[in-house]
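Observations on the three-dimensional arrangement
For reference, the chains in residue letters:
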Amino acid sequence: MSFSDREKHLIRAAFTWGQITQQEGYTLSDLEIEKSVLFRRLLGGRPALAFPPPLRHGFPWYEVIEGRPEHIVSASDASPESSIIAPGCKIGETCILIDGAFWRVVETISEREEYIVEWGQYPMQWRLKKHWEVNYEMTQQLQSFRRDNPSTQVSFDNYLSQRDYREFRIDEDQTVWLCEWQLSRISLSGWVWVGSLLSPADTRLTPIHEDPLGPMILGEPDIDNGEAWLRIEEADSEARFVKLGGSHEYLSLTSASTAYLKGLLHNLQETLEDIEVMDCCGNHPIRRFSLPSALVPLDELSLKEMHYDLVPDNAYEQQE
């Protein structure tokens, strides 16, 4: 008896899912199978992340880790009392409820206005910030009502005194403003966490080419030819580099065109099964990963901007 490739893929996905759910204390019930976002992810060819992702309304929220950098969310007041019931938080830590899950507050920029938050074991941070926008439809409706009913007294004072920071407010010009909480990733994107975490590189690296954003190409010191790492993403004081295959003449790399560098990146995905990616602070390695080449979103890279956030939609397509 032989199995088709599809059946083999299903067996591997089910085995991986069973291991992870058992570690997290879930049972293999029909209900858990039906509602499992992780199982559907594995069936679609996407590997599990190294750590459990944040939850959003009770379901794993993968996109906030590896996808687009900004999201509109609902948020509660930050409070240390919430740490008593917040999974993964120490008693006394300030927590905030974001779309039904408690996140850890590491810095309060402005009470009830702006916070820096973290989740679980991920070495990543997000900015949770309140944003006000004019709602033109509600403003027009309010102004039309006051124009058509000039003698009617309407007051929102009692309501707004308790809720203006959570939903809406009306200014002196009778303009209605609605409040939105924006959750924005301020660290490097998390698509690397589908790979294997390696020890930081033992080789000493030095910048061999820099631009206004910092080191662009890293290489071995005191030699003219050697291994080279090209920056593909940056955030705050950290940058992400991909290891270029083979040995390179550093002088040629420093004067290479954007088209040539992008050609080197495309060659990696055509010739290598696994690609090494390294996160650095300055030129000091802090994390290093090995990823299947199909999962490295180099097609989304713009070397002029040296920044991207989205994993391409076809990165995880199942090959028949």
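Okay, so let's go over this structure. (Residues numbered from 1 in each chain as written. Predicted model: local features only at pLDDT ≥ 70, side-chain atom pairs only at ≥ 80, totals over all residues. Heavy atoms only, no water.)

1. Brief notes about unusual backbone geometry
One non-glycine residue, Arg112, adopts positive backbone phi at about 65°. Locating Arg112 in the fold gives a position in the loop between strand E5 (101-110) and strand E6 (114-118). A relative accessible area of 37% places Arg112 in the partly exposed class. Of note in this structure, Asp222 is not a glycine but carries a positive phi near 65°. Within the fold, Asp222 resides in the loop between strand E12 (214-219) and strand E13 (225-235). Asp222 gets classed as exposed once you look at its relative accessible area, which sits at 76%. (Helix = DSSP H or I, 4+ residues; strand = E, 2+ residues; numbered from the N terminus. Buried < 20%, exposed > 50% of the residue type's maximum accessible area, 1.4 Å probe, protein only.)

2. Digging into the sheet that holds strand E10 (residues 196-198)
The 7 strands are arranged E10-E16-E15-E14-E13-E12-E11 in an open sheet whose pairing can be described as antiparallel. Sheet topology places E10 and strand E11 (206-211) at the edges, where each strand pairs with a single neighbour. Averaged over all pairs of adjacent strands, the angle between their axes in this sheet comes to 30°, without regard to strand direction. Packed onto the sheet, helix H8 (residues 258-271) meets E12, E13, strand E14 (238-249) and strand E15 (274-281) and runs at close to 85° relative to E14. (Pairing = 2+ DSSP bridges. Axes fitted to C-alpha atoms, helices over the stretch in contact; angles between N-to-C directions. Contact = heavy atoms within 4.5 Å.)

3. Comments concerning a nonpolar patch on the surface
Residues Ile84, Ile85 and Ile91 make up a contiguous nonpolar surface patch of about 380 Å² in total accessible area. Exposure remark for Ile85: the relative accessible area of 62% places this residue in the exposed category. (Patch = residues over 30% accessible without salt bridge, like charges linked within 9 Å, V, L, I, M, F, W, Y side chains within 5 Å. Areas by Shrake-Rupley, 256 points an atom, 1.4 Å probe, with all protein chains shown as cover. Salt bridge = Lys/Arg side-chain N within 4 Å of Asp/Glu carboxyl O.)

4. Quick notes on the nonpolar core
Core analysis: the largest hydrophobic core is formed by 51 residues, its most contacted members being Ile96, Trp103, Val117, Trp126, Leu128 and Leu183. Counting residues per element, this core draws most heavily on H8, which supplies 4 residues. Excluding residues within four positions of it along the chain, Trp126 makes contact with Val64, Ile65, Trp103, Tyr115, Ile116, Val117, Glu118, Trp119, Leu183, Ser184, Arg185 and Ile186. With 7 residues, the next largest nonpolar core counts Leu205, Leu218, Met278 and Cys280 among its residues. (Core = buried A, V, L, I, M, F, W, Y, C linked by side-chain atoms within 4.5 Å.)

5. Comments concerning the packing of aromatic side chains
The full count for this structure, using the stated rule, is 8 aromatic pairs. Relative to Trp126, the ring of Trp103 has its centre 5.1 Å away and its plane inclined at 90°; by these criteria the two rings are edge-to-face. Placement of Trp103 in strand E5 and of Trp126 in strand E7 (residues 126-134) is noted, with a sequence separation of 23 residues between them. In terms of burial, Trp103 and Trp126 fall into one category: buried. (Phe/Tyr/Trp six-rings, centres within 6.5 Å; stacked < 30°, edge-to-face > 60°.)

6. Some thoughts on helix H5 (residues 136-148)
Each α-helix winds once per 3.6 residues, and so residues spaced three or four apart point in a common direction. Its 13 residues place the ends of H5 18 Å apart at the C-alpha level, agreeing with the 18 Å of an ideal helix rising 1.5 Å per residue. Every buried residue of H5 is listed here: Thr139, Leu142 and Ser144. The secondary structure elements touched by the buried residues of H5 are E7, strand E8 (168-170) and strand E9 (176-185). (Expected span 1.5 Å × (residues − 1).)

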